[in-house]
Amino acid sequence: MRNRLKVLRAENDWSQARLAQELNVSRQTVNAIETGKYDPGLSLAFDIARLFGKPIEEIFFPEPSARRPAVAAPETEPEPAAPSHQHEIDVTLI
């Protein structure tokens, strides 16, 4: 996932340490997000969006080469199994 975090941080003239403090995360976390080595969870992504006053989709977006998998059509109900002539044996150990 790509993001605009570094650009938004620079627009606010904040260091990674300052942004980390605002988000209550480590500076290393901010660096990892900015470099694409870590994708934040939803809670952190919402916190980042709230902090910058932007919708999440203006900050985070998928890689251009990333394709969404096709959604499989719902499976139909399987045909009922033919009656079996096998008998189950209940074995109880005494």
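Refer to the structure printed above.
Remember, it's a predicted structure, so these values are computed and weren't measured experimentally.

Quick notes on the rules
- Residues numbered from 1 in each chain as written.
- Predicted model: local features only at pLDDT ≥ 70, side-chain atom pairs only at ≥ 80, totals over all residues.
- Heavy atoms only, no water.
- Phe/Tyr/Trp six-rings, centres within 6.5 Å; stacked < 30°, edge-to-face > 60°.
- Helix = DSSP H or I, 4+ residues; strand = E, 2+ residues; numbered from the N terminus.
- Buried < 20%, exposed > 50% of the residue type's maximum accessible area, 1.4 Å probe, protein only.
- Contact = heavy atoms within 4.5 Å.
- Salt bridge = Lys/Arg side-chain N within 4 Å of Asp/Glu carboxyl O.

(A) How the structure looks around the packing of aromatic side chains. This structure, assessed with the given rule, holds 1 aromatic pair. Seen from their ring centres, Trp14 and Phe52 are 5.8 Å apart, and the 40 degrees between their planes marks the pair as tilted. Residue Trp14 is found in the loop between helix 1 (5–11) and helix 2 (16–23), and its partner Phe52 is found in helix 4 (residues 42–52); the two are separated by 38 residues along the sequence. Residue classification places Trp14 among the buried positions, given a relative accessible area of 15%.

(B) Geometry of helix 3 (residues 27–34). Of all the residues in helix 3, the buried ones are Val30, Ala32, Ile33 and Glu34. Along its buried surface, helix 3 packs onto strand 1 (2–3), helix 1, helix 2, helix 4 and strand 2 (60–61).

(C) Just unusual backbone geometry, in detail. The backbone of Asp13 sits at a positive phi, close to 55 degrees, despite the residue not being glycine. Here Asp13 lies in the loop between helix 1 and helix 2. In this structure Asp13 comes out as exposed when scored by relative accessible area, which is 70%. Its identity as a non-glycine residue notwithstanding, Asn24 has a phi of 60 degrees, on the positive side.

(D) Inspection of the pattern of salt bridges at higher detail. Scanning the entire structure with this criterion turns up 3 salt bridges. In this structure, the salt-bridge partner of Arg9 is Glu34, at a minimum N-O distance of 2.5 Å. Of this pair, Arg9 sits in helix 1 while Glu34 sits in helix 3, placing them 25 residues apart in sequence. Side by side, Arg9 and Glu34 carry an identical accessibility label, which is buried. Asp47 serves as the salt-bridge partner of Arg50, at 3.0 Å between the closest nitrogen and oxygen. Of the two residues, Arg50 and Asp47 are both situated in helix 4; the distance of 3 residues between them amounts to about one turn of the helix. On the basis of relative accessibility, which here comes to 59%, the residue Arg50 falls in the exposed class.

It is worth stressing that arrangement in space is one thing and function is another; only the former is reported here.
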